[in-house]
Amino acid sequence: MQNKLFIDGKWVAPADGATLAVIDPATGEVFHHIAAAGASEAELAVRAAREAFDNGPWPRLSGKERATYLRAMAQGIRDRLPELARLETRDNGKPLPESEWDLTDAAGCFDFYADLAEELDGEAEEVKLGDARFVSRAVREPLGVAVAIVPWNYPLLMASWKVAPALAAGCTIVLKPAETTSLTALELGVIAQAAGLPNGVLNILSGRGSVVGQALVDHPDVDKVAFTGSGPVGSKIMAAGAKDIKRISLELGGKSPFVIFADSDIEKAVEWIMFGIFWNQGQVCSATSRVLVEAPLYSRLLARLVEEAQKIKLGNGLDEGTLLGPLVNRGQYEDVLRHIDRAVEQGATLACGGRYDGFDRGFFVAPTILVDVALDSDAWREEIFGPVVCIRPFETEEEAIRLANDSRFGLAAAVMSADDARCERVATAFRAGIVWINCSQPTFTEAPWGGYKQSGIGRELGRWGLDNYLETKQITRLVSEEPWGWYLK
C-alpha cells in the first residue's frame, strides 16, 4: 500500500508530512495512512503535467504508440486483480465479487480507449466549402492538462473512466482520488511506472478535496476538469473553472425512477429492483431509488420485495456470501440513518430495514424499503446514497411518466413491461441520460454515460468519453492561384 504521492514519475512525501487515516468500514479500524497533499504538491503536479504536455513526447506520439501504454496498464491491473480487489473491498467496504467485477471493467476501459487511440491516427474530416478556392479539414487534438476528481463509490473504476480516455487523447493528467478511498487509485501510479509511462503524464494526489482538490481546480495551467460527485461540489467547480474558461465535465447526483407495469414478471421485477438499489450498498449515482409500480401489481410486488430484501446477507465484504457490505464511512452511515428517520417523521412507513444491529462494529445499514412516501418529502426527492428505496403505486402510464420526470435530477431511469411498444414510449418520454428497459444498472464502456438537468454536463465512456479530452481544429488552405485582390488590385 502506497503512502506517498505520485508526481512526475516519482513517489514523494508531502512537504508538511500530512497524512490521512484509512479506515476499514467493516470494522471502523484504522489500518493504514496515506499522504495528504497540499497546495504546494498541487503546484508540483500541475507543473509536471504542463511540462509533459508542452515539451514531452506524450501528445506527439501516434495513437498507436499511446495505445501500447494503455494496454500495458490494462494488463497491469489484470495481473494484480486479486490483490487490488481485496484492497478495494477493505478500503470501500463493497463485497469482494463486486470489487473484482469493478477492476475487470477498469482494465477493459484501458483496452477500449487503446483501440480508440489508434483510430485517431490520420483522422481528419474534410469540410465541404462553398468556395472552390479553398479546401478545409477538421482535426482533433489533445486538449491539454486535465484534472480528474473521482468519488469513493467506485475508486479505481471511476479513475479509469477519466484517466484512460485522457491518456488516449494525448492529454496529461492529475488524478485526485476521494480522500476516503485512495488506495487502488494510488496503485495506478505503480502500474503506470511498470508500463513505462513517461514522467509527468499521470500524477496522483491523495488528500482533502477542500485543500488539494480546490488548488487543482483553481490552477490557471489546468485546461480541463472532470468531476464525479455531488451537485453542490460540482456547482463550485463550475464557478471556479469559469475564471479561466476551463473545460468542465460533471457527473453528479441522481434520484432515478424505475417504472414497473402490471404485466411484468414479478420475480424479474424484484431482482432488478434489488440490483438497482442494493448493489454497492446503494452508493451509486444512478441507483433506481424511486420505484413506481402499476397499482394491480403493487401489493404482491411489495410483499415479495420485502421478503427477498430481508434475505440479503450483510457482512464484511471479504467474507464469502456477503451481498451487502458496510457503508463507506461513519459520516455516510449516519447521514443515511438520518434520511431514514426523517422519512418516517414525514409520514413514510418503514416496510423493512433501517438501522442494523447485527454487528458490534462497522457501518452497516439493512436493505431498507419505504412506502407511503409523500411526493414532496425529502426521501422521495433527495439523493440518499444508501440501500434505501422508496416505492409507491401509480394508475396510468401518463401518471408514471409525470412522476418519474418530476425531479431536478436526470441521470438514469428504467422501465419494465412485457409490452415492447410501451417500453419504447416510456423510454422516449424519460428526461434522463441513461435509460434501461427491463433491467437496471448494467453499464458498458462502449455506451455514453451522463445525465440531464442537475445530474451533470457532458458524457463519459464510449467515444463520447474520448471527446472530453480533445479539441477540434479547423485547417483551411488556399488552393487557387488567382489573386485575392482585396487590397492589391
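As a reminder, the structure under discussion sits directly above these lines.
From a predicted model like this one, the values you see are computed outputs, not experimental measurements. (Residues numbered from 1 in each chain as written. Predicted model: local features only at pLDDT ≥ 70, side-chain atom pairs only at ≥ 80, totals over all residues. Heavy atoms only, no water.)

Colleague: How do you make sense of helix 8 (residues 231-242) when you look at a structure like this?
Modeller: Residues that lie three or four places apart on an α-helix share one face, since the helix turns once every 3.6 residues. Helix length check: helix 8, at twelve residues, gives a terminal C-alpha distance of 17 Å against a target of 16 Å (1.5 Å per residue), a fit within 8%. For helix 8, the full list of buried residues reads G234, I237, A240 and G241. Buried residues of helix 8 fall within an arc of 125° about the axis and therefore sit on the same side. Facing away from the buried side of helix 8, by more than 90 degrees, are the exposed residues P232, K236 and A239. (Helix = DSSP H or I, 4+ residues; strand = E, 2+ residues; numbered from the N terminus. Expected span 1.5 Å × (residues − 1). Buried < 20%, exposed > 50% of the residue type's maximum accessible area, 1.4 Å probe, protein only. Arc of directions from axis to C-beta.)

Colleague: Please explain the pattern of salt bridges as it appears in this structure.
Modeller: Inspection of every chain in the model, using the stated rule, returns 32 salt bridges. For the salt bridge of R342 with D378, the shortest nitrogen-to-oxygen distance reads 3.5 Å. With R342 in helix 11 (residues 330-345) and D378 in helix 12 (residues 378-381), this residue pair connects regions lying 36 residues apart in the sequence. Owing to a relative accessible area of 30%, D378 belongs among the partly exposed residues under this scheme. (Salt bridge = Lys/Arg side-chain N within 4 Å of Asp/Glu carboxyl O.)

Colleague: Help me understand the sheet that holds strand 15 (residues 365-371) in this model?
Modeller: Neighbouring strands of a sheet are bound in pairs by backbone hydrogen bonds; such pairs are parallel or else antiparallel. Ordered by their spatial adjacency, seven strands build an open sheet running 14-15-16-13-12-18-19, and the pairing between neighbours is mixed. Looking at strand neighbours, the two that pair on one side only are strand 14 (349-355) and strand 19 (434-437), the edges of this open sheet. Ignoring which end each strand starts from, the neighbouring axes of this sheet average 15° apart. The sheet contact formed by strand 13 (residues 290-294) and strand 16 (residues 388-394) spans five bridges and is parallel. Looking across to strand 16, one finds that E294 is bridged to F394. Against the sheet, helix 9 (residues 266-278) makes contact with strand 12 (257-260), strand 13, strand 15, strand 16 and strand 18 (412-416), and its axis sits at roughly 175° relative to strand 12, the strand it touches most. (Pairing = 2+ DSSP bridges. Axes fitted to C-alpha atoms, helices over the stretch in contact; angles between N-to-C directions. Contact = heavy atoms within 4.5 Å.)

Colleague: Please explain the side chain of R392 as it appears in this structure.
Modeller: Its location among the elements puts R392 in strand 16. The buried charged residue R392 lacks any salt bridge partner; its closest oppositely charged side chain belongs to E399, at an N-O distance of 5.6 Å. At 2.8 Å, the side chain of R392 and the backbone oxygen of V373 are in polar contact. In contact with R392, not counting residues within four places along its chain, are V291, L292, V293, Y298, V373, A374, L375 and W380. (Lys, Arg positive; Asp, Glu negative; His and termini not counted. Polar contact = N/O pair within 3.5 Å; in protein donor to acceptor, adjacent residues only side chain to side chain.)

Colleague: Help me out: how do you make sense of the packing of helix 13 (residues 397-405) against helix 14 (residues 420-429) in this one?
Modeller: For any two helices packed against each other, the geometry comes down to the angle between their axes and how far apart the axes lie. Contact geometry for helix 13 and helix 14: axes closest at 10 Å, N-to-C directions at 30°. Between helix 13 and helix 14 lies a crossing whose hand is right-handed. Between helix 13, through E397, I401 and N405, and helix 14, the contact on the second element is made entirely by R422, R425, V426 and A429. Grouping the amino acids of the contact of helix 13 with helix 14 by side-chain chemistry returns three nonpolar, one polar and three charged. (Left-handed = near helix turned anticlockwise from the far one by under 90°. Nonpolar A, V, L, I, M, F, W, Y, C, P; charged D, E, K, R; others polar.)

Colleague: Honestly, the side chain of R80 in this entry has me stumped. Any pointers?
Modeller: Tracing the chain through its elements places R80 in the loop between helix 2 (63-79) and helix 3 (81-92). We classify R80 as buried; its relative accessible area is 18%. If we skip the residues at most four places from it in the chain, R80 touches E187, V190 and I191.

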